[in-house]
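# Close look at the chain arrangement
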Amino acid sequence: MQKITDLTIVIIAKNEAENLSNLLPLLNFSEKVVVVDHQSTDETKKVAENLGATCCPSEVDSFAQIRNQALKEVKTKWVFYLDADERVTPELANEIATAIKDEQISALTLKRENICYGFHLQHGGWERDLVTRIFRLSDLKGWQGDIHESPQFSGSQKVLKSPLIHLTHRCTADNLHKSAAWTLKEAQLFIAAKQPPITKKIIIRKTLMEFYRRYWQQKGYRDGMAGFVESFVQAFNRGLVYIQVWELQQQPSLESKYAQEETRIAKLWQAGL
């Protein structure tokens, strides 16, 4: 297809060398691709530059701040925020090219089709996954939020028909790696909001209710074994958030308790010498 000269694609990446090697060759329809390297330790930067993307580093932890920072690299009329594990089909690219010609539109919302554990999930909440990611630069005010960041923009938006493919949750290890990062951040936000003390009842209730909501209320069972596993994993993640809130509420802190134990054991050896 013909290149969209008014569009820059921005990708925030941390240790995404493999994903970028598959994604970037598909983005030749865009005038420019910017990869924001968020403290990668693999070959993210090398892969990005070898495949024609502009790569810039970012040391901040807030995803909203990273997205705002990336705007400095955008000179086109439109910007498209894309994740490294998302894929644009030719049909979607053509629909984007047509939609951004409409002077009345300020933002484009995409229907994300989620593939988890190799299955196209249609229930459990995954079927209503709408993400607003494409913006007229002049109407985008910026992003807010530390975890589930949201865009601030003026003007009207349009929902596109062609799906954005999301190749996520490829295995349990991948799931746990992501969970370890975002559940801690969410727990820290609860602490900042002065969350009351966490009890066993709260952890159990929050975990079971998340499973019930996804598997039964949102009909995750219709997606078979993959639907069960995803509902279970999401419930587990919810429990992890509250467990980590409990950890952070400990006084003295867990770090201090272990430091005290290290000191105690060292003194035992000193006394015996």
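Described below are features of the structure shown in this document. In this text, all values refer to a predicted model and were calculated from it rather than measured experimentally.

Moving on, we get to unusual backbone geometry. In this chain, Gln251 is followed by Pro252 through a cis amide linkage whose omega measures -5 degrees. Positive phi values are uncommon outside glycine, yet His169 reaches one of about 45 degrees. Checked against the element boundaries, His169 lands in the loop between strand E12 (164–168) and helix H5 (172–192).

Geometry of an aromatic ring pair is reported as the spacing of the ring centres plus the angle between the planes. Under the counting rule described, the total for this entry stands at 12 aromatic pairs. Judged by centre distance (6.3 Å) and plane angle (70 degrees), the rings of Tyr81 and Phe135 are edge-to-face. One end of the pair, Tyr81, is in strand E4 (residues 78–83); the other, Phe135, is in strand E8 (residues 130–136), with 54 residues separating them in the sequence. For the pair Tyr81 and Phe135, a shared accessibility class is recorded, and that class is buried. Relative to Phe228, the ring of Tyr215 lies with its centre 5.7 Å away and its plane at 85 degrees, an arrangement referred to as edge-to-face. Linking Tyr215 in helix H6 (residues 200–217) with Phe228 in helix H7 (residues 224–249), this pair joins segments that are 13 residues apart in sequence. A connected cluster of aromatic rings, assembled from ring pairs, spans Phe211, Tyr215, Trp216, Tyr221, Phe228 and Phe232. For Arg67, the ring lying beneath its charged end belongs to Trp143, and the centroid distance is 4.6 Å. Lying across the ring of Trp126, Arg214 places its NZ or CZ 5.8 Å from the centre.

Time to look at the nonpolar core. By size, the foremost hydrophobic cluster in this structure holds 35 residues, and its most contacted members are Ile11, Leu20, Leu27 and Ile96. Of all the elements in the fold, those that place two or more residues in this core are strand E1 (4–13), helix H1 (17–23), strand E2 (30–37), helix H2 (44–50), E4, helix H4 (90–99), strand E6 (105–116) and E8. Among residues more than four places away in sequence, those in contact with Leu27 are Ile9, Ile11, Val33, Leu82 and Val88. Core analysis: the next-biggest nonpolar cluster, separate from the first, contains 16 residues, Val34, Phe135, Leu140 and Trp143 among them.

With the rule as written, the count across this model stands at 1 cavity of 30 Å³ or more. Its volume calculated, the largest cavity comes out at about 30 Å³. In terms of lining residues, the largest cavity is bounded by Leu121, His123, Gly124, Trp126, Arg214, Gly220, Asp223, Gly227, Glu230 and Ser231. Split by residue class, the lining of the largest cavity holds 2 nonpolar, 5 polar and 3 charged.

Conventions we followed
Residues numbered from 1 in each chain as written. Predicted model: local features only at pLDDT ≥ 70, side-chain atom pairs only at ≥ 80, totals over all residues. Heavy atoms only, no water. Helix = DSSP H or I, 4+ residues; strand = E, 2+ residues; numbered from the N terminus. Phe/Tyr/Trp six-rings, centres within 6.5 Å; stacked < 30°, edge-to-face > 60°. Buried < 20%, exposed > 50% of the residue type's maximum accessible area, 1.4 Å probe, protein only. Lys NZ or Arg CZ within 6 Å of the ring centre and 35° of its normal. Core = buried A, V, L, I, M, F, W, Y, C linked by side-chain atoms within 4.5 Å. Contact = heavy atoms within 4.5 Å. 1 Å grid on protein atoms, 1.4 Å probe; cavity = no way out; pocket = protein on both sides within 12 Å on 5 of 7 lines; lining within 4 Å. Points joined across faces, edges and corners; volume = space filled by probe spheres on them. Nonpolar A, V, L, I, M, F, W, Y, C, P; charged D, E, K, R; others polar.

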